[in-house]
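# Topology and contacts: notes
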Amino acid sequence: MQAKNALAAATMLSSSQANETALRTYDLTKHYGSRVAVDHLNLEVRRGEIVGFLGPNGAGKTTSIRMLLSLIAPTSGRIELFGRDLASERAHLLPRIGALVETPALYLHMTGQGNLRAVGAVLGGVSRQRIETVLSQIGLQARQKDRVRTYSLGMKQRLGVGIALLNNPDLLILDEPANGLDPAGIVEMRDLMHQLANEGKTVFLSSHLLGEMQQICSRVIFINAGKLIADKTVAELTRGQGEYAVQLEHAQDALVLLQQQPWGKRARLDSNGTLLTPAPQESGRDLYAFLAQAGFPPDSLVPATQDLEEVFFSLINAHKGDK
Ligand SMILES: Nc1ncnc2c1ncn2[C@@H]1O[C@H](COP(=O)(O)OP(=O)(O)OP(=O)(O)O)[C@@H](O)[C@H]1O
Ligand SMILES: [Mg+2]
């Protein structure tokens, strides 16, 4: 009985740890003179999540990340890391974070291994073995003895992530880690992020590459003009909200008919001439029957999915008046 209770307690403990918050901000705000760069931002990232931080140029991503890393002070608001107040426990909390902000500062005349050793020496307590492990994680083992000057942009970015990983941080905060990478470099970066998540690390990364974020992240947070405009799982965002994509002849006539139905007011045509529409009782079968009976038998009818890019622009448009 006692053993059973202990097991139950252990299970509860591990599930509460799984829900533990790695990062949280409370009304985080930054003003530059009269410009509001970050505006009462409330973010939450739980342990083990890979969260994408998305927004157009000037949205406030880098400014937020700089505050999370204590590189600049907030104008107002508060940051908690692992449930502790960052402002009062900086020295204890910052060593648990690995970061890459914009382009990594690298010694170009030194080798990849030399760069990691140099940063390791400054951090202290970074063993040669740890450097080897990181080099293999970032896929630079074969090139570790080459000068960084001879590296491709993707290799330099990966070395930057390697530097962020040196102290084996619990939380990685990466500003545009895939910046400037070609498709192969992006795939490598994606694999690296998944590998880190499998090791139980928490990753908070900003990007413009929406399609990429869709594949890397479990959740995405959108900001615009310093404000949070959406915080959703990728599945939630890309689910077609119960709509169907229908291809059929005479789509324009079918559209008029659908819009007259109480359930079909949101029906519309996309730029490819595909009809996007809700369905009666949210049933694709009922929609098919309705259209067929009305003389518009569909050539195809599938649940609609939204592209993250589409979602992004529709969110931004919906918040245009916020500035
Ligand atoms: N040091 C600074 N002094 C004055 N204004 C600044 C400073 N840093 C950033 N800003 C302003 O704050 C706003 C947010 O900038 P920030 O760099 O955080 O955006 P971002 O989302 O990272 O954009 P990008 O996608 O281009 O990297 C912008 O209007 C920018 O001009
Ligand atoms: Mg930026």
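Calculation rules
Residues numbered from 1 in each chain as written. Chains lettered and ligands numbered in written order. Predicted model: local features only at pLDDT ≥ 70, side-chain atom pairs only at ≥ 80, totals over all residues. Heavy atoms only, no water. Domains from an automatic or database assignment. Contact = heavy atoms within 4.5 Å. Buried area = accessible area lost by both parts, 1.4 Å probe. Polar contact = N/O pair within 3.5 Å; in protein donor to acceptor, adjacent residues only side chain to side chain. Helix = DSSP H or I, 4+ residues; strand = E, 2+ residues; numbered from the N terminus. Nonpolar A, V, L, I, M, F, W, Y, C, P; charged D, E, K, R; others polar. Buried < 20%, exposed > 50% of the residue type's maximum accessible area, 1.4 Å probe, protein only. Pairing = 2+ DSSP bridges. Near = heavy atom within 4 Å. Areas by Shrake-Rupley, 256 points an atom, 1.4 Å probe, with all protein chains shown as cover. Axes fitted to C-alpha atoms, helices over the stretch in contact; angles between N-to-C directions.

With that settled, consider the domain arrangement of the protein. With domains assigned, the protein is organised as domain 1 (2-225) and domain 2 (239-309). Averaged C-alpha coordinates put domain 1 and domain 2 at centres separated by 42 Å. Taken residue by residue, the interface counts 6 residues in domain 1 and 4 residues in domain 2. Regarding the contact of domain 1 and domain 2, the summed buried area is about 360 Å², with carbon and sulfur atoms giving 69% of it. Inspection of the region where domain 1 meets domain 2 yields 0 residue pairs in polar contact (both at pLDDT 80 or more). Where the side of domain 1 that touches domain 2 is concerned, the elements lending two or more residues are helix H8 (210-216) and strand E10 (219-224). Tallying contributions element by element places H8 first for the side of domain 1 that touches domain 2, with 4 residues. In terms of residue class, the side of domain 1 that touches domain 2 is made up of 4 nonpolar, 2 polar and no charged.

Quick look at the pairing of E10 now. On a regular strand, each side chain points to the face opposite its neighbour's, so the side chains alternate between the two faces of the sheet. Across the 6 residues that make up E10, a large majority, 6, are buried. Alternating positions in E10 separate into two faces, Arg-219, Ile-221 and Ile-223 on one and Val-220, Phe-222 and Asn-224 on the other, with burial throughout. As judged from the 4 bridges shared by strand E4 (residues 50-54) and E10, these two strands associate in the parallel manner. Along E10, the bridge assignment pairs Gly-52 with Val-220. Pairing analysis gives 6 bridges linking E10 to strand E11 (residues 227-233), with the strands arranged antiparallel. Within E11, the residue paired with Arg-219 across the bridge is Thr-233. Turn length for the E10-E11 hairpin, with the two strands adjacent in sequence and antiparallel, is 2 residues, and the turn residue Ala-225 shows positive phi of about 50°.

This paragraph deals with the site of ligand 1. In the vicinity of ligand 1, the contacting residues are Tyr-32, Arg-35, Ala-37, Pro-56, Asn-57, Gly-58, Ala-59, Gly-60, Lys-61, Thr-62, Thr-63 and His-208. In the environment of ligand 1, an oxygen atom lies 2.8 Å from a nitrogen or oxygen atom belonging to the side chain of Thr-62. Contact with the protein chains hides 64% of the accessible area of ligand 1, taken as 640 Å² for the molecule alone. At the level of elements, strand E2 (35-41) and helix H2 (61-68) are the ones that each hand at least two residues to the shell around ligand 1. Sorting elements by how many residues they give to the shell around ligand 1 places H2 first, with 3 residues. Residues that form the shell around ligand 1 fall into these classes: 4 nonpolar, 6 polar and 2 charged.

It is worth spelling out the sheet that holds E4 at this point. Ordered in space as E7-E8-E9-E4-E10-E11, the 6 strands form an open sheet in which the pairing is mixed. This sheet does not close on itself; its edge strands, each paired only once, are strand E7 (97-100) and E11. Between one strand and the next, the sheet's axes are offset by a mean angle of 15°, whatever the strand orientation. Packed on one face of the sheet, H2 meets E4, E7, strand E8 (171-175), strand E9 (202-207) and E10 and runs near 150° to E8.

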